[in-house]
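# Secondary and tertiary structure notes
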Amino acid sequence: MAGLLLLCLVYWWLDNLAHEIFGTAMFMILIRHIYQNRSWFRNLARGSYGVRRTVIVAFHVALAVNMIVLLVTSLAISQSLFAKLPLPDSATLSELHWFSAYWVIRAVGCHLGLHWPRIRAIINAAFNLPPATVLQTRLLLLLAAILFVIGFASLSTLDIATKLSFRLSPNFWDFSTSVTPFFVRWVGVMALPAIATHCVVNIAGRRRASSRNSRA
Ligand code: HEM
Ligand code: HEM
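All values derive from a computational prediction rather than experimental measurement.

## A short note on the packing of aromatic side chains
Evaluation of the coordinates by the stated rule reveals 10 aromatic pairs. Measuring from centroid to centroid gives 5.1 Å for W40 and F41, while their planes differ by 80 degrees, and the two rings are edge-to-face. Ring plane angle 10 degrees and centroid distance 6.2 Å describe the contact between F148 and F152, whose orientation is recorded as stacked. Here F148 pairs with F152, and both are found in helix α7 (residues 134-157), just four residues apart, close to one helical turn. Classification of F148 as partly exposed rests on a relative accessible area of 37%.

## Focus: the coordination of the iron atom of ligand 1
Surrounding the iron atom of ligand 1 are the protein donor atoms H33 (NE2) and H111 (NE2), at 2.0 Å. The site at the iron atom of ligand 1 holds six donor atoms, and with the angles between them running 84 to 180 degrees, its shape is octahedral. With H33 in helix α2 (residues 11-36) and H111 in helix α5 (residues 91-114), the pair connects residues that are 78 residues apart, well separated along the chain.

## Section: the site of ligand 2
In the vicinity of ligand 2, 22 residues are found, and the nearest of them are Y11, W12, H19, I77 and H97. H19 places a side-chain nitrogen or oxygen 2.7 Å from a nitrogen atom of ligand 2. The separation between an oxygen atom of ligand 2 and a polar side-chain atom of S94 is 3.5 Å. Counting only elements with at least two residues in the shell around ligand 2, the list comes to α1 (2-8), α2, α4 (51-77) and α5. No other element matches the eight residues that α2 contributes to the shell around ligand 2. The class makeup of the residues in the shell around ligand 2 is 12 nonpolar, nine polar and one charged.

## Describing the site of ligand 1
What surrounds ligand 1 is a group of 20 residues, the closest being H33, N37, W40, H111 and H115. Measuring from a nitrogen atom of ligand 1, one finds a side-chain N or O atom of H33 at 2.8 Å. H111 has a polar side-chain atom sitting 2.7 Å from a nitrogen atom of ligand 1. Going through the elements one at a time, α1, α2, α3 (38-42), α4, α5 and α6 (116-126) are the ones with two or more residues in the shell around ligand 1. A per-element tally of the shell around ligand 1 places α4 first, with four residues. For the shell around ligand 1, the class distribution of residues is 14 nonpolar, five polar and one charged.

## Concerning α2
Its 26 residues give α2 an end-to-end C-alpha distance of only 30 Å, which falls more than 12% under 38 Å, the value for a rise of 1.5 Å per residue. The sharpest bend along α2 comes to roughly 75 degrees, located at L17. Taken together, the buried positions of α2 are Y11, N16, H19, E20, F22, G23, M26, F27 and L30. Packing partners of the buried residues in α2 comprise α1, α4 and α5.

## A few points about the coordination of the iron atom of ligand 2
Every protein donor of the iron atom of ligand 2 is accounted for by H19 (NE2) and H97 (NE2), and the metal-donor separations fall at 1.9 to 2.0 Å. Given six donor atoms and angles of 86 to 178 degrees at the metal, the environment of the iron atom of ligand 2 is assigned as octahedral. A residue pair is termed long-range when its members are at least 10 positions apart, and H19 in helix α2 and H97 in helix α5 qualify at 78 residues.

## Thoughts on the environment of L96
Relative to the elements of secondary structure, L96 occurs in helix α5. Each C-alpha atom, one on L96 and one on M1, is 21 Å from the other, the two residues being 95 residues apart in sequence.

Reading guide: rules and limits
Residues numbered from 1 in each chain as written. Chains lettered and ligands numbered in written order. Predicted model: local features only at pLDDT ≥ 70, side-chain atom pairs only at ≥ 80, totals over all residues. Heavy atoms only, no water. Phe/Tyr/Trp six-rings, centres within 6.5 Å; stacked < 30°, edge-to-face > 60°. Helix = DSSP H or I, 4+ residues; strand = E, 2+ residues; numbered from the N terminus. Buried < 20%, exposed > 50% of the residue type's maximum accessible area, 1.4 Å probe, protein only. Donors = N, O, S within 2.8 Å, 3.2 Å for Na, K, Ca; no water. Tetrahedral: all angles 85-135°; square planar, octahedral: opposite > 155°, others 65-115°. Near = heavy atom within 4 Å. Polar contact = N/O pair within 3.5 Å; in protein donor to acceptor, adjacent residues only side chain to side chain. Nonpolar A, V, L, I, M, F, W, Y, C, P; charged D, E, K, R; others polar. Expected span 1.5 Å × (residues − 1). Bend = angle between axes of the 7 residues up to and from the residue. Contact = heavy atoms within 4.5 Å.

Here it is, written out as structure tokens:
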């Protein structure tokens, strides 16, 4: 899904039909993803809400709203796959579409950072790797540091501040010159909130554990 999101950003390289196919594929997988995690939604009304749970649930609500705005505007402004749907189309809806798209990329970054231990376990199981060795942890730290530097440097290259602030960015990537650096930079930009969220979750977890130990 994260890969398809990034593929959606090459609108001016592969054009509208490819863009709508990538976006539709992402939404189809998202439906399956939400269905797979349905027990999480069912459990929302159960148990008590401390600070940690409130923040995580509030974040997921924001992510869901962000995705719904992206989905509704996608259907409304479609020029290929859903063009025949009787939905109103306007310049404002287009603006809302790309504005929500850039925020979705940030939010998905946070979401991935939040679920990093699960992602790591899934990758290890898929490639039959031993569970978290010291070498693997060090290599991942190095990768995170490289992605952080690339993401930070790309904030201005890709004009992220303007794109996230509902203003029209004059920044268009010249795909006739290069394609791979475009993806590398966007992966870095998505990695920034992922790394930040992962660090915050780790620090909060350690504080909770040490306050539990000092009480015991
Ligand atoms: C491109 C978008 C998304 C990506 C790449 C993504 C990725 C992931 C990953 C890797 C996990 C952890 C592994 C797993 O449990 O399956 C996860 C869990 C989850 N995701 Fe997403 N997700 C996306 C969008 C969403 C959206 C829009 C929602 C709606 C709120 C959502 C809700 C959840 C929930 C509820 C969980 C389980 C949380 C838990 O068990 O603590 N995801 N997601
Ligand atoms: C069903 C799925 C989707 C459809 C039908 C769709 C449709 C469209 C259309 C018709 C445009 C052109 C708007 C215009 O002329 O102003 C557009 C632009 C755009 N879409 Fe989507 N979209 C979909 C999914 C997505 C997703 C998942 C993303 C997430 C990254 C996304 C990001 C963008 C962006 C950033 C632009 C602006 C391109 C630019 O001007 O640089 N779209 N989309």
